[in-house]
Amino acid sequence: KAGVTQTPRYLIKTRGQQVTLSCSPISGHRSVSWYQQTPGQGLQFLFEYFSETQRNKGNFPGRFSGRQFSNSRSEMNVSTLELGDSALYLCASSSTGPYNEQFFGPGTRLTVL
Amino acid sequence: QQQVKQSPQSLIVQKGGISIINCAYENTAFDYFPWYQQFPGKGPALLIAIRPDVSEKKEGRFTISFNKSAKQFSLHIMDSQPGDSATYFCAARTGTYKYIFGTGTRLKVLA
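Residues numbered from 1 in each chain as written. Chains lettered and ligands numbered in written order. Predicted model: local features only at pLDDT ≥ 70, side-chain atom pairs only at ≥ 80, totals over all residues. Heavy atoms only, no water.

## Remarks on the overall build of chain A
On a plain count of helices and strands, chain A comes out with zero helices and 11 strands. Order of helices (α) and strands (β) in chain A, N terminus to C terminus: β-β-β-β-β-β-β-β-β-β-β. Its C-alpha radius of gyration of 13 Å places chain A within 12% of the 13 Å reference for a compact globule of 113 residues. Across its three principal axes, chain A shows a C-alpha extent of roughly 40 × 25 × 25 Å. (Helix = DSSP H or I, 4+ residues; strand = E, 2+ residues; numbered from the N terminus. Rg over C-alpha atoms; globule rule 2.2 N^0.38 Å.)

## Points about the interface of chain B and chain A
Taken residue by residue, the interface counts 16 residues in chain B and 22 residues in chain A. Here chain B and chain A share an interface that buries about 1600 Å² over both sides, 51% of which is from carbon and sulfur atoms. Three residues stand out in chain B for area buried against chain A, namely Tyr97(B), Tyr99(B) and Phe101(B), and they jointly supply 31% of the buried area on that side. Here chain B is connected to chain A by zero salt bridges. Where chain B meets chain A, there are two residue pairs in polar contact (both at pLDDT 80 or more). Going through the elements one at a time, strand S4 (33–38), strand S9 (86–93) and strand S10 (99–101) of chain B are the ones with two or more residues in the side of chain B that touches chain A. For the side of chain B that touches chain A, a count of residues per class yields eight nonpolar, four polar and four charged. (Contact = heavy atoms within 4.5 Å. Buried area = accessible area lost by both parts, 1.4 Å probe. Salt bridge = Lys/Arg side-chain N within 4 Å of Asp/Glu carboxyl O. Polar contact = N/O pair within 3.5 Å; in protein donor to acceptor, adjacent residues only side chain to side chain. Nonpolar A, V, L, I, M, F, W, Y, C, P; charged D, E, K, R; others polar.)

## What about the packing of aromatic side chains?
Evaluated as defined, the whole model comprises 18 aromatic pairs over all chains. Aromatic pair Tyr35(A) and Phe45(A): ring centres 5.7 Å apart, planes at 70°, arrangement edge-to-face. Here Phe45(A) lies in strand S5 (residues 42–50) and Tyr35(A) lies in strand S4 (residues 31–38), a separation of 10 residues in the sequence. Judged on exposure class, the residue Tyr35(A) and its partner Phe45(A) are both buried. Ring plane angle 70° and centroid distance 5.7 Å describe the contact between Trp35(B) and Phe73(B), whose orientation is recorded as edge-to-face. Of the two residues, Trp35(B) is situated in strand S4 and Phe73(B) in strand S8 (residues 72–77); the sequence distance between them amounts to 38 residues. Neither Trp35(B) nor Phe73(B) differs from the other in exposure class; each is buried. Counting every residue linked through ring pairs, the aromatic cluster contains Tyr25(B), Phe30(B), Phe33(B), Trp35(B), Phe66(B) and Phe73(B). Seen from the ring of Phe50(A), Arg55(A) lies directly overhead, with NZ or CZ sitting 4.4 Å from the centre. (Phe/Tyr/Trp six-rings, centres within 6.5 Å; stacked < 30°, edge-to-face > 60°. Buried < 20%, exposed > 50% of the residue type's maximum accessible area, 1.4 Å probe, protein only. Lys NZ or Arg CZ within 6 Å of the ring centre and 35° of its normal.)

## Focus: the pairing of strand S9 (residues 87–94) of chain A
Side-chain positions along a regular strand alternate between the two faces of the sheet. Residue and element names in this part refer to chain A. Within S9, eight of the eight residues are buried, which leaves the element mostly enclosed by the surrounding structure. A two-sided burial pattern is seen for S9, the buried positions comprising Ala 87, Tyr 89, Cys 91 and Ser 93 on one face and Leu 88, Leu 90, Ala 92 and Ser 94 on the other. Pairing geometry for S4 and S9, over seven bridges, is antiparallel. Residue pairing in the sheet places Tyr 35 in a bridge with Leu 90 of S9. As defined by bridge partners, S9 adjoins strand S11 (residues 108–112) across three bridges and the pair is classed as antiparallel. Of the residues in S11, the one forming a bridge with Ala 87 is Leu 110. Of the strand pairs in this sheet, S9 and strand S10 (residues 102–104) are connected by three bridges, and their pairing is antiparallel. Directly across from Ala 92, in S10, lies its bridge partner Phe 104. (Pairing = 2+ DSSP bridges.)

## Re the environment of Thr108(A)
Residue and element names in this part refer to chain A. Mapped onto the elements of the fold, Thr 108 is located in strand S11. Given a relative accessible area of 0%, Thr 108 falls into the buried group. With residues up to four places along the chain from it excluded, the contact list for Thr 108 reads Gln 6, Thr 7, Pro 8, Arg 9, Leu 21, Ala 87, Leu 88 and Tyr 89. Within the local environment of Thr 108, its side chain forms a polar contact with the backbone oxygen of Pro 8, the two atoms lying 2.5 Å apart.

## Points about the state of the cysteines
Residues and elements named next belong to chain B. Tallied over the entire structure, the rule returns two disulfides over all chains. Here Cys 23 connects covalently by a disulfide to Cys 90, the sulfurs 1.9 Å from one another. With the S-S dihedral at roughly -95°, the linkage between Cys 23 and Cys 90 falls on the left-handed side. Of this pair, Cys 23 sits in strand S3 (residues 19–25) while Cys 90 sits in strand S9, and the two are 67 residues apart along the sequence. Residue classification places Cys 90 among the buried residues on the basis of a relative accessible area of 0%. (Disulfide = S-S within 2.5 Å.)

Structure below.
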């Protein structure tokens, strides 16, 4: 089974721009979560989508948004980029059921200049 | 109450030694406790996980010890190897499938 894939792997943007990141979950997984990872803050939960609905949300400003498509692929959008948005953005997918193990993709490294 | 506190921040162990990383939580509603291993430039990889109704789980050289009354759990890496040098994260899952992560432990195993 192919793992979680994320595109692009690296991205450089300037302040004020917007960016869209993409995540393809493991086949059969319907839950997709997004995390921001920075050296100072560790892994911070952004949001989780299940069957095209946002099921959980972290404490990030409204500039961070996401969506999930009917094939479970997910996109994350950040508008009006700030320098502090520079981070590794990780996507994780989970199967349904009691174990719900979460598997991460390689991440998208976003640098905001 | 949603936090997971992880210690130590960094750890240096000799090859063949035991690496121990600890995590503590307060929310008794957490129902699943995984550990992840992350190498530089890679996403975290699920290493081992435990449910609160089990006190210990072992997979190869990796063991989770879980103390429900103390609200603590720990990862033990036996016979630590240089290839184990990575950052380790503990996590806890809420009943609504939201994961809270510890701040990470950078492990270095000396050859």
